[in-house]
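Analysis of the macromolecular model
Listed below, chain by chain, are the residues.
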Amino acid sequence: MLVLQEIFVPQESVNDEFVRISKLYFKSGDYVNSGQAILEFETSKVNVCIDSEFDGYIEFFCKEGDELRVGELICRIYDSMPCTDSKDNYHIKNDTENHDEIETIYSKAALELIESSKINKAVFQGRDLVNVDDVKNVIKNTGHVKEDRNLQKEQIFDNDEIEYKTLSNIKRSEINNFLDAGNVTSTVYLYLDVKESYSPDNTNNYLLSVVVLEVFKLLKKYPELNAFFSGDGIAYYKSIKIGMAIDAGYGLKVVKLPDLEGKTVSEVENEIFRAIKKYLRNKLSIDDITGSTFTISDMSNEGVAFFSPLVSSKQSAVLGISGFDEKLRRYTVSLTFDHRVTEGRKATMFLKELIESINCYF
Amino acid sequence: MVPIAAGLALASKMGKKDGISLAFIGDGTLGEGILYETMNIASKWNIPILIICENNYYAQSTKQELNLSGDIVKRAECFDIKVFKSNTWELEQLFNNAKESINYVRTNGKPAFHLVDTYRLNAHSKGDDYRDKSEIEMYYRKDPLNVFRNTNPDLYQELLNEIDKELDAVIEEETEKFAEIRIDEYYDNPEGGEESEYIWKEPDEIEIRQSDLIYSFFKEEMRKNEQVVFIGEDVLAPYGGAFKISKDLSTEFPERVLTTPISEAAITGISNGLALAGYRPFLEIMFGDFITLCLDQVLNHSVKFFHMYNKRVNCPIVLRTPMGGRRGYGPTHSQTLDKLLLCIDNIKVISLNSLTDPRPIYKSILENEKNPVIVIENKADYAKKITKANVENYKFELAYVRNYPIVRIRPIVSRPTATIVTYGGMSSIVVDCIATLFYEYDVKAEVIILSKIKPVDYDEIIRSTNVTGHLFVVEEGSACNGIGSEIIASVLERTENRIYARRIASVPVPVPANKKLEEEVLTNRRNIIQVIGGVFKC
């Protein structure tokens with residue numbers, strides 16, 4: 001039984017120490033899907049709804065009406081049904097005890113992160129031990145909500161990494177139309193046909209490496225796919241950092257690959273292998289999973305017919321590779337893009353050009 | 001087998017019964033050292049054992065003149081053991097001596113040695129006979145049974161039939177009862193059966209030295225239970241054992257505290273005999289390094305009797321021995337050799353630690369075990385007081401699993417991120433790493449301290465490892481083929497999760513006497529922190 005997600009009470013405003021759980025949409029043991037609303041709580045000012053980030057079984061550590069302290073555990077999502085006998089979840093039992101009297105101990109690295117992130121230590125009250133992951137969790141939980149709400153107001157300026165261009169009035173009104181329709185992304189699909197001699201079983205990450213490398217090269221030609229929409233303009237990244245979506249049991253992570261400039265396919269293969277190894281050993285640092293500018297999601301081993309992954313925040317497009325169709329001897333490749341940044345024709349051109357260059361390898 | 005016979009005879013003597021033991025050996029056995037250890041002890045302790053040596057002048061295929069020096073009779077006489085001499089061609093003298101030697105042993109309560117010259121007419125096993133044909137022929141004609149058959153063929157046949165009938169009846173009876181025995185009747189899986197519930201409790205503070213607690217167990221139990229016997233080298237008061245476990249026990253129980261010569265093999269065998277006779281021998285081996293001298297008796301006898309004799313006998317021998325270094329005792333007195341014991345089938349191995357009261361452990365052995373148990377004590381722990389693990393914001397708990405304690409130290413609230421399994425002398429050292437591992441390396445450790453290390457109860461280790469995904473086993477011996485290898489392999493067999501596993505063990509080299517170097521060689525706080533911290537450091 002693996003814990004996929006732990007949800008703690010986020011700090012919604014500086015003034016609130018407690019929140020009240022107003023609604024639980026599920027009960028412990030239920031199966032929830034990623035993106036589904038799990039619960040709502042009230043702060044002194046607003047109602048906040050929390051969504052699941054994973055598919056899995058949920059276990060609550062509170063009930064409707066409970067007052068929880070900021071930073072306290074609300075629920076966990078597991079990959080399998082949580083056992084109810086005491087042997088397997090003794091910690092969970094203990095978690096619900098009142099531990100307010102505990103004087104929290106911080107690890108050295110946690111203290112440094114608290115200091116640099118200017119977090120109020122009060123959010124950790126009741127915790128026994130706080131390490132870097134705990135601090136990151138708090139940052140994630142509190143930061144996440146803020147980001148959604150403040151995205152439109154966020155002011156972006158040119159810097160070392162970004163070149164910012166405000167939109168024309170026409171483009172802006174166009175975007176408003178999308179927003180009214182409730183959708184900003186769209187997807188285009190193309191087939192990647194392969195030769196008779198090709199067998200997907202013996203290639204390891206060869207296909208993925210080729211895709212990563214060719215995407216890297218092609219993005220230079222399509223800067224709007226290496227960008228993101230913000231406020232009333234588009235922020236173009238000055239460098240290309242490919243992120244690779246990995247989900248092998250420890251949660252979906254987008255791992256940033258290093259600069260691929262001048263690299264060969266086999267070198268890229270090595271980088272991918274290294275990233276997967278790091279993921280499996282749970283040794284990814286915060287730097288490894290932040291700052292990618294374009295995401296590739298490879299589901300070719302999962303037997304998916306076709307799919308369109310979601311565009312990550314602060315990006316404008318994501319490439320999806322579906323499973324291999326034995327009969328038709330082809331993969332389906334998708335590009336999902338932010339319509340506020342680019343449009344279908346450009347996306348299709350990118351995808352076509354990409355497939356042409358990949359074909360040279362097979 | 002001779003020391004085992006001596007043990008049975010000693011049991012008879014201690015129980016004030018008039019039974020004696022008869023041990024039959026061949027002249028080939030005269031090459032075994034344990035025979036002389038046993039003769040020495042039997043003579044010194046007046047053990048009523050009669051050793052009958054059938055001297056057929058060959059050890060398997062090798063002539064005696066190539067194997068034996070000096071005089072067989074003198075070998076027994078030098079231990080002040082009375083010798084009777086006979087042969088199988090002069091039957092009247094043989095019968096007289098047989099009767100006389102038995103009477104001598106029984107009336108005097110002393111050992112005797114009956115040397116019987118004879119000759120083997122057939123091969124040692126099957127077709128392996130390379131002796132001179134004329135020599136065999138000569139003895140064949142001389143053999144009293146053959147002579148009797150030739151002179152009284154009818155009577156011979158009648159007697160032979162009677163004997164055959166008697167043997168057939170015995171064989172038939174046993175076959176009927178046991179020929180159809182199933183594997184599950186023959187083998188009781190020690191890890192099978194009812195799984196005991198884990199009830200975790202915070203143990204009481206004891207604040208008494210471990211060695212004093214072990215002593216008090218014996219003091220109390222020897223008062224209550226007359227079958228408990230304390231055996232070992234240098235165990236009499238006032239010395240009271242090299243590590244002062246027996247202290248003054250010999251004053252209160254002079255009959256049941258037996259100090260022995262430096263003869264680990266024989267005293268293990270004698271303990272086997274006592275155990276077979278229903279006594280509860282607790283044998284102290286002064287240093288764990290010397291356990292190798294006991295191994296033949298344990299490996300080839302103690303652990304086998306129960307199955308060899310169709311579960312009609314038990315051999316609940318208990319060996320206690322201190323292992324481990326950190327006292328500057330050098331290469332021959334500092335080893336941790338538990339790995340040699342863990343590979344023996346049908347045995348329990350227990351390892352004491354300084355966080356657990358040893359008395360309930362010994363009590364459980366006394367009350368529940370019917371088969372051999374080896375208890376490893378750690379010489380660095382003897383002087384330590386049994387204390388709680390005081391690590392801030394960690395909980396110290398203890399549960400009894402299949403009668404033996406498992407200690408767990410875990411974060412009060414947090415989900416742990418690393419499982420560390422350890423035992424014995426390493427326990428307190430690992431506990432000492434917990435706080436640093438957290439502060440310096442962000443590791444929230446859950447430490448599991450075993451006392452029964454063979455067989456290991458895996459449920460708790462697997463539960464914890466499934467939560468943390470990281471398993472470390474810390475041992476004081478070297479890693480190769482040790483308990484770390486065994487635990488990691490067993491956990492991987494029992495979980496479907498991806499586990500990161502590491503053994504943390506000593507350098508595979510003789511333990512040096514040089515204190516500073518010894519600290520480097522043995523698993524220590526620094527390398528535990530380095531290895532575990534290194535894994536978690538991003």
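Residues numbered from 1 in each chain as written. Chains lettered and ligands numbered in written order. Predicted model: local features only at pLDDT ≥ 70, side-chain atom pairs only at ≥ 80, totals over all residues. Heavy atoms only, no water.

1. Topic: the overall build of chain A
- When helices and strands are counted, chain A shows seven helices and 19 strands.
- Within the span of chain A, comprising 362 residues, buried residues form 48% of the whole.
- Put simply, of all contacts in chain A between residues at least 6 apart along the chain, 64% involve residues at least 24 apart.
- On chain A, roughly 18,400 Å² of surface is accessible, and the fraction owed to carbon and sulfur atoms is 49%. (Helix = DSSP H or I, 4+ residues; strand = E, 2+ residues; numbered from the N terminus. Buried < 20%, exposed > 50% of the residue type's maximum accessible area, 1.4 Å probe, protein only. Contact = heavy atoms within 4.5 Å. Areas by Shrake-Rupley, 256 points an atom, 1.4 Å probe, with all protein chains shown as cover.)

2. Quick word on the overall build of chain B
- When helices and strands are counted, chain B shows 22 helices and 19 strands.
- Judged by the C-alpha coordinates and their principal axes, chain B covers about 95 × 55 × 45 Å.
- Of all 538 residues assigned to chain B, the portion counted as buried reaches 54%.
- Counting every atom, chain B has about 24,700 Å² of accessible surface; 51% of that belongs to carbon and sulfur.

3. Examining helix α6 (residues 265-280) of chain A
All names here are of chain A.
- Here α6 is 16 residues long and its end C-alpha atoms lie 23 Å apart, about the 22 Å a rise of 1.5 Å per residue gives.
- What α6 keeps buried is the set V265, V268, E271, I272, A275 and Y279. Viewed along the axis of α6, the buried residues span an arc of 120°, placing them on a single side of the element.
- Of the surrounding elements, those touching the buried residues of α6 are α5 (206-219), β15 (242-246) and β16 (253-256).
- One or two positions beyond α6, positive phi appears at N282, with a value near 60°. (Expected span 1.5 Å × (residues − 1). Arc of directions from axis to C-beta.)

4. Concerning the confidence of the model for chain A
Residue and element names in this part refer to chain A.
- Mean pLDDT over chain A stands at 80; residues scoring 70 or higher make up 84%.
- Of all secondary-structure elements in chain A, the lowest mean pLDDT belongs to helix α1 (residues 90-95), at 43, while strand β9 (residues 105-106) reaches the highest, 94.
- Taken together, the stretch residues 84-96 has pLDDT below 50 and engages in 32 contacts with residues farther than four places along the chain or on a different chain.
- For the stretch residues 144-155, pLDDT sits under 50, and the model shows nine contacts to residues farther than four places along the chain or on other chains. (pLDDT = per-residue confidence, 0-100.)

5. A closer look at the interface of chain B and chain A
- Taken together, the contact between chain B and chain A spans 31 residues of the former and 35 residues of the latter.
- Contact between chain B and chain A buries roughly 2,800 Å² in total, counting both sides, with carbon and sulfur atoms accounting for 52%.
- The shortest N-O distance in the salt bridge between K108 of chain A and E440 of chain B comes to 3.0 Å.
- Applying the counting criterion to the chain B and chain A interface returns 13 residue pairs in polar contact (both at pLDDT 80 or more).
- Of all the secondary structure elements, the ones that give two or more residues to the side of chain B that touches chain A are β13 (394-401), β14 (404-411), α18 (434-441), α19 (459-468) and α22 (525-536) of chain B.
- Class assignment for the residues of the side of chain B that touches chain A results in eleven nonpolar, six polar and 14 charged. (Buried area = accessible area lost by both parts, 1.4 Å probe. Salt bridge = Lys/Arg side-chain N within 4 Å of Asp/Glu carboxyl O. Polar contact = N/O pair within 3.5 Å; in protein donor to acceptor, adjacent residues only side chain to side chain. Nonpolar A, V, L, I, M, F, W, Y, C, P; charged D, E, K, R; others polar.)

6. Structural notes on the sheet that holds strand β6 (residues 112-117) of chain B
Residues and elements named next belong to chain B.
- In spatial order, the strands read β1-β2-β6-β5; together these four strands make up an open sheet with parallel pairing. Since the sheet does not close on itself, it has two edges, and those belong to β1 (21-26) and β5 (82-87), each with one partner. Pairwise comparison of adjacent strand axes, ignoring direction, gives a mean angle of 20° for this sheet.
- With six bridges joining them, β5 and β6 adopt parallel strand pairing. Note on β6: the bridge partner recorded for K82 is A112.
- Across the sheet, helix α1 (residues 2-14) touches β1 and β2 (49-55), and the angle it forms with β1 is around 170°.
- Contacting β1, β2, β5 and β6, helix α5 (residues 91-108) crosses the sheet at an angle of about 160° to β5. (Pairing = 2+ DSSP bridges. Axes fitted to C-alpha atoms, helices over the stretch in contact; angles between N-to-C directions.)

7. Some thoughts on the sheet that holds strand β8 (residues 73-78) of chain A
Residue and element names in this part refer to chain A.
- Pairing in this open sheet of four strands is antiparallel, and the strands run β1-β8-β6-β3 from one edge to the other. The open sheet has two free edges, formed respectively by β1 (3-8) and β3 (31-32), since each of these has just one partner strand.
- With four bridges joining them, strand β6 (residues 56-60) and β8 adopt antiparallel strand pairing. What sits directly across from E59, in β8, is R76.

8. Some thoughts on the nonpolar core
- Grouped together as the largest cluster of nonpolar side chains are 110 residues, with contacts concentrated most on I49, F113, F218, L450, I461 and I487 of chain B.
- A total of eight residues in this core trace back to one element, the largest contributor, which is α1 of chain B.
- Apart from the residues lying within four places of it in its own chain, the contact partners of F218 of chain B are V228, F230, I245, L249, F282 and R320 of chain B.
- Judged by nonpolar contacts, the second largest core, of 46 residues, contains L213, I246, I296 and Y331 of chain A. (Core = buried A, V, L, I, M, F, W, Y, C linked by side-chain atoms within 4.5 Å.)

9. Things to note about the pairing of β1 of chain A
All names here are of chain A.
- Taking burial as the measure, the six residues of β1 include six buried ones, the bulk of the element.
- Pairing between β1 and β8: five bridges, direction antiparallel. Within β8, the position partnered with V3 by the bridge is Y78.

10. Notes on the UniProt feature "domain: Transketolase-like pyrimidine-binding" (unreviewed entry) in chain B
- The residues that UniProt annotates with the feature "domain: Transketolase-like pyrimidine-binding" (unreviewed entry) are residues 208-384 of chain B.
- Taken end to end, residues 208-384 of chain B comprises 34% helix and 18% strand; its first and last C-alpha atoms sit 8 Å apart. (UniProt positions renumbered as here; feature names shortened; annotations may be inferred.)

11. What about a nonpolar patch on the surface?
All names here are of chain B.
- Together, I181, I183, Y186 and Y187 line one region of the surface with nonpolar side chains, adding up to about 430 Å² of accessible area.
- Inspection of the secondary structure assignment puts I181 in the loop between α8 (153-178) and α9 (183-186).
- Exposure remark for I181: the relative accessible area of 38% places this residue in the partly exposed category. (Patch = residues over 30% accessible without salt bridge, like charges linked within 9 Å, V, L, I, M, F, W, Y side chains within 5 Å.)

12. Details of a negative patch on the surface
- Taken together, D154, E158, E162 and E166 of chain B make up a surface patch of like negative charges.
- The exposure class assigned to D154 of chain B is exposed, which follows from its relative accessible area of 63%. (Lys, Arg positive; Asp, Glu negative; His and termini not counted. Charge placed at Lys NZ, Arg CZ, Asp CG, Glu CD.)

13. Digging into the domain arrangement of chain B
- When its domains are assigned, chain B resolves into domain 1 (2-142), domain 2 (210-378) and domain 3 (394-536).
- For domain 1 of chain B versus domain 3 of chain B, the separation of C-alpha centres amounts to 52 Å. (Domains from an automatic or database assignment.)

14. Some words on the packing of aromatic side chains
All names here are of chain B.
- Following the criterion strictly, the structure yields 27 aromatic pairs over all chains and no others.
- The interplanar angle of 45° and the centroid separation of 5.9 Å between the aromatic rings of F218 and Y362 together place this pair among those described as tilted. In this pair, F218 is assigned in helix α10 (residues 210-224) and Y362 in helix α16 (residues 358-368), connecting sequence segments 144 residues apart.
- A network of ring pairs unites the aromatic residues F217, F218, F230, F282 and Y362 as a single cluster. (Phe/Tyr/Trp six-rings, centres within 6.5 Å; stacked < 30°, edge-to-face > 60°.)

15. Examining the pattern of salt bridges
- Overall, the coordinates contain 47 salt bridges over all chains when judged by the stated rule.
- E261 of chain A is the partner of K220 of chain A in a salt bridge, and the nearest nitrogen-oxygen pair spans 3.0 Å. Separated by 41 residues along the polypeptide, K220 of chain A in the loop between α5 and β13 (227-230) and E261 of chain A in the loop between β16 and α6 bring together distant segments of the chain.
- One salt bridge in this structure joins E519 of chain B and R326 of chain B, with 3.7 Å as the shortest N-O distance.

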